[in-house]
Amino acid sequence: MFSENGEYLEEQFRRWQQDPNSVEPTWQGFFAGMRFAGTLPGAAASPGGAASSADLRVQTGVVRLVFWYRQAGHLQADIDPLATQPPPPCQLLQLENFGLSDSDLDRVVDGSMYFGLNGPVKLGDLIDTLRATYCGTTGIEFMHIESQDMRRWIASRVEPTCNRPMLKLRQKYRILNTLHEAELFEKFLHTKYVGQKRFSLEGGETLIPVLDAITEKGPSVGVKEIVIGMAHRGRLNVLANTLHKPFSEIFNEFEDNYLPLSTHDGDGDVKYHLGFSADIETADGGKVHMSVAPNPSHLEIVGPVVEGRVRAKQRQHGDKERVTGVPVLIHGDAAFAGQGVIMETFNLMNLAGYRTGGTIHIVVNNQIGFTTNPRDSRSTQYCTDIAKFVQAPIFHVNAEDPEACVAAAELALEFRQQFKRDVVIDLVCYRRWGHNEGDNPGYTQPLQAKVIAKKPPLSTVYAAQLAGRPDDPSVTPDVVADLVREFDDKLAEAMREAETVAAAYRNELEAAHKQVKEMVKKGQTKKRGMEGFSGRWKDFTNRYSHEPIATGLSDAVLDRIGTALGTFPEGFTVHPNLLKTLQTRGENIKKRGSVDWGTGEALAFGSLVLEGTPVRLSGQDSRRGTFTQRHSVVVDYETGAEHYPLANLDPKQAPFDVIDSSLSEAAVMGFDFGYSLDAPESLVLWEAQFGDFANGAQVIIDQFITSCESKWNRSSGIVLLLPHAYEGQGPEHSSARLERFLQMCAEDNIQVAYPTTPSQYFHLLRRQMKRKFRKPLVVMTPKSLLRLPAAVSPVSEFVTGQHFREVLDDKSNPDQVTRVLVCSGKVYYDLAKKREELGTQAVAILRIEQLYPWPEQQLSAALGRYRRAREFVWVQEEPQNMGGWTFVEPRLRAMNFPFEYVGRDAGASPATGSHHVHEREQKLLVDGAFAPTPSGPIGPGWIGWNAVESNGTHGAHTDAAKA
């Protein structure tokens, strides 16, 4: 190629020398890059001053060679500690690919495009330098990053030292010491608690010096908080050796007599799911608050929860630069490649409402998932390839080179602080035991198991390296001090000190174990280490109360918010169709008329921020509102500028954040849940586009929101807004699966509400923040009711003295009522309309606005008013096996009221896909709620509908159809 195009290349080069603008931009970039990399070899220049064709061929090849070592050197890197042979040569790095050959190895070339080389160098020496940098025990992937600044930053940090860390003696000693502690801890547990699951870190102990390096360096680069989310494997070791959780607490969790603090604190969780937090003091006197987040067995789901927690902590520090709080997520290799929430969490990196300034991801790459080989668990070369889509740099590091691992950790932290982006450390290691200590890895990976069985402890290998005897497997920590006498006295002293510290560590383990065993003999147990009500939660309790709390507003606050809703900056143009809607909202408030759902919500949000309570609402299309009902952000019709009415109420108000999220449920709900854990003073809401979208975050609901207090003694005040009602929109957009939430209700763990008026919704949101406890709140929110003329509230229901009512009684004269209908939600308006059509005063309609915690006292008092009633009916839109019936039926029966059911029959699908069929079903169930029965009270024959008839409609029982 070069011989055929040599003359053309020389001509372009001559023209560029005379006038860079005389050649095409492609050539301008090429020659400018060569000039930037270094001056072309003058000795080989032609008499005319231009370089010869041969020189250009070689130098061009050199430039491309350096580029490709940066691009593909990781493919030849020695990163696998289980490899028995050196990695094979990478075909992409062969000299012939660059127009070079072995005959050019002694040629002097310009190597200044490589950071650390200032000019002429032999090609062979340059290649050796490139191999040392990019093909050693660290393989770096960073050329997929578009930013030249990031590429240059990484290259400039690793190339001058050939990617070999320049560690001080103190740091080497610290690495050895942390390896000692990691290994001793695992061996101690393996000896004292034989057969118990602990998910050992053995084979991946380098994780401990990696985390130690991040912690030690953190304060010097502005870090105040580190929140760790991690898998089972190594959790106990991290708690013990990184967060310094007392050994006695850890050992106590292995004992049969271990109990939570007391019976009201819930059921607790297994030891390798628990979290912990502590203030860590670094060797230089810095301080970092560290937390390990508790998480369930669905391990990777903790990632977005950690991100949300960090975001909340950053706000508490007033940190808009995102440097004080750092999320560190520790993954397994198979899960990192296999779990979709990884991608969803990565995607939050640069989103304004969710960015945390970058996450440090550490993959403890055991090269196996439970018993599954990588070839069966991913379609990519590396388990970390998913990180490339957000252009995160990836450091693949051989875990048996602890110094390289520590250097990668420090570099990752510096990169994160510099560029506010995610970065990945692929810690390539192995698993000495099976998935847990009861598994035998030899059953499924016998060859790998044989290699692992022969490997000495890493601390022994590293100690031998420091002692100058890296190839001698007989070297043990006990004899290291003797071996190093011939070396530097300081090194020898440090090594002896390391063994002294290790001995003291063993003694501490033994003492803690003895203490716990003595307590077991006495029938005692230590308190659980994770306290849920300290720090920002110290003024809160986990005790639920039905006690009403005043949540109304003064006239002045109502008017202030009303004015803001209908007022816009000077010169701001509102969409013509929207302007009247927004102005009407403000006028209705100021004229003390009736307000709709969107206005009631705005009054709740606006009043809270005026009182100093931050509000954060996120979800898909939440700024406008899925149903064009919210308009929390108004967009200028002419310029696209944005105006947030509720963010401009008062200069001293609390923040009001409403965010259009990515098209994610699991990661975004997880993020907001995590945020709520560290912001009890904030109203944090996640909104589903339709209620059934919450299905995509079921793991967050099941394993965090409904059970975190029971398992981990952690409270959350997160609010889930789930549009729900049967309006003929088909199976997927009718049901928020109310029954699932009710099925998970126990021990006052969550609140489930189905409010029917704007004022009730208003008071419900404000009540959430006015009480001295925080419980997740699940709200069935409306769709059609957003604009139903009957579903409005007079402003008088928002004023001082009003509060949320868990049960709404009817205004009927109890002396005339013979039948009582009880329902929740939107079906009330269908029933009320039917009653009005019939003109009857014999039927009362009660609404249960809060289904859980069950308002027994309020409901009993309301039902007790109707002493002449003989017919009590539960009415719902949902199929019989869904909705509220199976939840309320035993509770109603326990109240000694003879309730029967009217509603759709049980079904496999939440709703019909035919609007015509829906209308027919809805009419039949409403008519059935008022229809007389042959026996007087509605009997068992009324329960539900028959199966689908041949005509494709759900048929009612014959009597119901006639009625």
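Along each chain, residue indices are assigned from 1 in the same order as the chain's sequence is written. pLDDT decides what is reported in this predicted model: residues at 70 or higher carry local features, side-chain atom pairs at 80 or more are listed and counted, and totals for whole chains, interfaces and linings draw on all residues regardless. Side-chain descriptors were evaluated using all non-hydrogen atoms of the structure, hydrogens and water having been removed beforehand.

Caption draft 1: Molecular detail of the packing of aromatic side chains. We call Phe, Tyr and Trp rings a pair once their centres come within 6.5 Å, taking the six-membered ring for Trp, and we label the pair stacked below 30 degrees between planes, edge-to-face above 60, and tilted otherwise. Applying the stated criterion across every chain, the model contains 25 aromatic pairs. Measuring from centroid to centroid gives 5.5 Å for phenylalanine 673 and phenylalanine 704, while their planes differ by 55°, and the two rings are tilted. Of this pair, phenylalanine 673 sits in helix H22 (residues 666-677) while phenylalanine 704 sits in helix H23 (residues 698-705), and the two are 31 residues apart along the sequence. Here phenylalanine 673 matches phenylalanine 704 in class, with each residue buried. Ring geometry for tyrosine 828 and tyrosine 829: centres 5.1 Å apart, planes at 75°, overall edge-to-face. A relative accessible area of 12% means that tyrosine 828 is categorised as buried. Runs of E in the DSSP output that reach at least two residues are strands. Runs of H or I that reach at least four are helices, and both are numbered from the N terminus. In this scheme, a residue with accessible area under 20% of its type's maximum is buried, one over 50% is exposed, and one in between is partly exposed, where area comes from a 1.4 Å probe on protein chains only.

Caption draft 2: Local environment of the confidence of the model for the protein chain. Across the protein chain, the average pLDDT comes to 87, with 86% of residues at 70 or higher. Confidence of the predictor at the level of single residues is given by pLDDT, which spans 0 to 100. Residues are treated as being in contact if the distance between any of their heavy atoms lies within 4.5 Å. This model gives residues 481-488 a pLDDT under 50, and the stretch forms 9 contacts once residues within four places in sequence are excluded.

Caption draft 3: Highlighting the pairing of strand S17 (residues 719-723). With respect to burial, S17 is a largely interior element, 5 of its 5 residues being buried. Alternating residues of S17 divide into Val719, Leu721 and Pro723 and Leu720 and Leu722, and every residue in both groups is buried. One requirement defines pairing of two strands: DSSP has to find at least two bridges between them. Where strand S16 (residues 683-687) and S17 come together, 3 bridges link them in parallel fashion. Each residue of the ladder has a partner; that of glutamate 687, found in S17, is leucine 721. Bridge count for S17 against strand S19 (residues 777-781) is 5 bridges, and the pairing is parallel. Directly across from leucine 722, in S19, lies its bridge partner methionine 780.

Caption draft 4: Geometry of helix H29 (residues 885-894). For H29, the complete set of buried residues consists of Trp885, Phe887, Val888 and Leu892. Each buried residue of H29 lies within a common arc of 150° when the element is viewed along its axis, so the set occupies one face. Opposite the buried face of H29, at more than 90 degrees from it, the exposed residues are Thr886 and Ala894. Asparagine 896, located one to two residues past H29, shows a positive phi value of around 70°. Each direction from the helix axis to a C-beta atom contributes to the arc, which is the arc of those directions.

Caption draft 5: Quick peek at the pattern of salt bridges. Salt bridge, as applied in this entry: a Lys or Arg side-chain nitrogen positioned within 4 Å of an Asp or Glu carboxyl oxygen. For the structure shown, the criterion picks out 42 salt bridges. Across the pair arginine 70 and glutamate 159 runs a salt bridge, and its minimum N-O distance is 2.7 Å. Of this pair, arginine 70 sits in helix H3 (residues 53-72) while glutamate 159 sits in the loop between helix H5 (148-158) and helix H6 (169-192), placing them 89 residues apart in sequence. The pair arginine 70 / glutamate 159 is uniform in exposure class, with both members buried. A salt bridge links arginine 174 to aspartate 212; its shortest N-O distance comes to 2.6 Å. Taken as a pair, arginine 174 in helix H6 and aspartate 212 in helix H7 (residues 207-217) lie far apart in primary sequence, 38 residues in all. With a relative accessible area of 16%, aspartate 212 lands in the buried category. One network of salt bridges, with partners in common, ties together Glu225, Arg309, Lys313 and Asp678.

Caption draft 6: Region of interest: the side chain of glutamate 921. Mapped onto the secondary structure, glutamate 921 falls in helix H30 (residues 915-930). Pairs of N or O atoms are called polar contacts if they sit within 3.5 Å, as long as, within protein, a hydrogen donor faces a hydrogen acceptor (for residues adjacent in sequence, only side-chain-to-side-chain pairs). At 2.6 Å, the side chain of glutamate 921 forms a polar contact with the side chain of arginine 904.

Caption draft 7: Structural view of the sheet that holds strand S21 (residues 807-808). Read across the sheet, 5 strands follow the order S21-S23-S22-S25-S26 without closing on themselves; strand pairing throughout is mixed. Each edge of the sheet is formed by a strand with only one pairing partner; in this case those strands are S21 and strand S26 (899-904). Of the strand pairs in this sheet, strand S22 (residues 819-823) and strand S25 (residues 871-879) are connected by 4 bridges, and their pairing is parallel. Across the sheet, leucine 821 pairs through a bridge with valine 873, a residue of S25.

Caption draft 8: The pairing of strand S5 (residues 276-281), seen in detail. Residues Phe276, Ala278 and Ile280 of S5 are buried on one face, while the alternating residues Ser277, Asp279 and Glu281, pointing to the opposite face, are not. For S5 and strand S6 (residues 287-292), the ladder comprises 6 bridges, and the chain directions are antiparallel. Its bridge partner being in S6, serine 277 is matched across the sheet by serine 291.

Caption draft 9: Here's a closer look at the sheet that holds S19. The strand order S15-S12-S16-S17-S19-S18-S24 describes an open sheet built from 7 strands, whose pairing is mixed. Unpaired on one side and paired on the other, strand S15 (656-660) and strand S24 (850-852) mark the two borders of the sheet. The mean angle between the axes of side-by-side strands here comes to 20°, regardless of whether they run parallel or antiparallel. Across 5 bridges, the pairing between strand S12 (residues 615-619) and S15 is parallel. Its bridge partner lying in S15, glycine 619 is registered against aspartate 660. Contacts from helix H26 (residues 758-770) reach S16, S17, strand S18 (751-753), S19 and S24, with the element oriented near 170° to S19. Structural elements are reduced to axes, namely lines fitted to C-alpha atoms, with helices fitted over the stretch in contact, and the angle between N-to-C directions of any two is expressed from 0 to 180 degrees.

Caption draft 10: Structural context of the nonpolar core. To qualify as a nonpolar core, a set must consist of buried Ala, Val, Leu, Ile, Met, Phe, Trp, Tyr and Cys residues joined through side-chain atoms within 4.5 Å. Core analysis: the biggest nonpolar cluster contains 114 residues, and Leu720, Leu722, Leu863 and Trp874 have the highest contact counts within it. When residues of this core are assigned to their parent elements, the largest contribution, 8 residues, is made by H22. In this structure leucine 720 touches Met669, Trp686, Ile701, Ile705, Phe741, Leu777, Val778 and Val779, once residues within four positions along its chain are discounted.

Caption draft 11: Inspection of helix H16 (residues 458-466) at higher detail. Along H16, 7 of the 9 residues are buried, which leaves the element largely enclosed by surrounding structure. Leu458, Ser459, Thr460, Tyr462, Ala463, Ala464 and Leu466 are the residues of H16 that are buried.

Caption draft 12: Here's a closer look at the environment of alanine 182. Locating alanine 182 in the fold gives a position in helix H6. Under the relative-accessibility criterion, alanine 182 is labelled buried at 0%. Separated by 22 residues in the primary sequence, alanine 182 and glycine 204 have C-alpha atoms spaced 9.4 Å apart. Not counting residues up to four positions away in its chain, the partners in contact with alanine 182 are Glu205, Ile208, Asn237 and Asn241.

Caption draft 13: Just the packing of helix H10 (residues 302-316) against H22, in detail. The geometry of H10 relative to H22 is characterised by a closest axis approach of 6 Å and an angle of 45° between their N-to-C directions. The angle between the axes of H10 and H22 places the two elements in the oblique class. The crossing of H10 and H22 is right-handed. In this structure, H10 uses Pro304, Val305, Glu307, Gly308, Arg309, Arg311, Ala312 and Arg315 to contact H22, whose residues at the interface are Ala666, Ala667, Gly670, Phe671, Phe673, Gly674, Tyr675 and Leu677. Note on residue classes: Ala, Val, Leu, Ile, Met, Phe, Trp, Tyr, Cys and Pro are nonpolar, Asp, Glu, Lys and Arg are charged, and everything else, Gly too, is polar. Residue composition of the contact of H10 with H22, grouped by class: 9 nonpolar, 3 polar and 4 charged. In these notes the angle categories are as follows: under 35 degrees is roughly parallel, over 145 is roughly antiparallel, 65 to 115 is roughly perpendicular, and the rest is oblique. Crossings are sorted by hand: turned counterclockwise from the far helix by less than a right angle, the near helix makes the crossing left-handed, and turned clockwise it makes it right-handed.

Caption draft 14: Just the packing of H6 against H7, in detail. For the pair H6 and H7, interaxial distance at closest approach is 9 Å and the crossing angle is 130°. Taken as axis vectors, H6 and H7 run oblique relative to one another. Like other packed secondary-structure pairs, H6 and H7 cross with a definite hand, here right-handed. Across from Arg174, Ile175, Thr178, Leu179 and Ala182 in H6, the residues of H7 making contact are Ile208, Pro209, Asp212 and Glu216. Here the contact of H6 with H7 is composed, by residue class, of 5 nonpolar, 1 polar and 3 charged.

Caption draft 15: Representation of the side chain of threonine 912. Looking at the secondary structure, you find threonine 912 in the loop between S26 and H30. The class for threonine 912 is buried, based on a relative accessible area of 17%. There is a polar contact of 3.1 Å between the side chain of threonine 912 and the backbone nitrogen of serine 914. Apart from the residues lying within four places of it in its own chain, the contact partners of threonine 912 are Gly730, Pro731, Val917, His918 and Glu921.

Caption draft 16: Expanded view of unusual backbone geometry. That bond from tyrosine 852 to proline 853 is cis: its omega, -10°, falls within 30 degrees of zero. Within the fold, proline 853 resides in the loop between S24 and helix H28 (856-864). One non-glycine residue, histidine 244, lies in the positive phi region at around 60°. Residue placement: histidine 244 occurs in the loop between helix H8 (235-241) and helix H9 (247-252).

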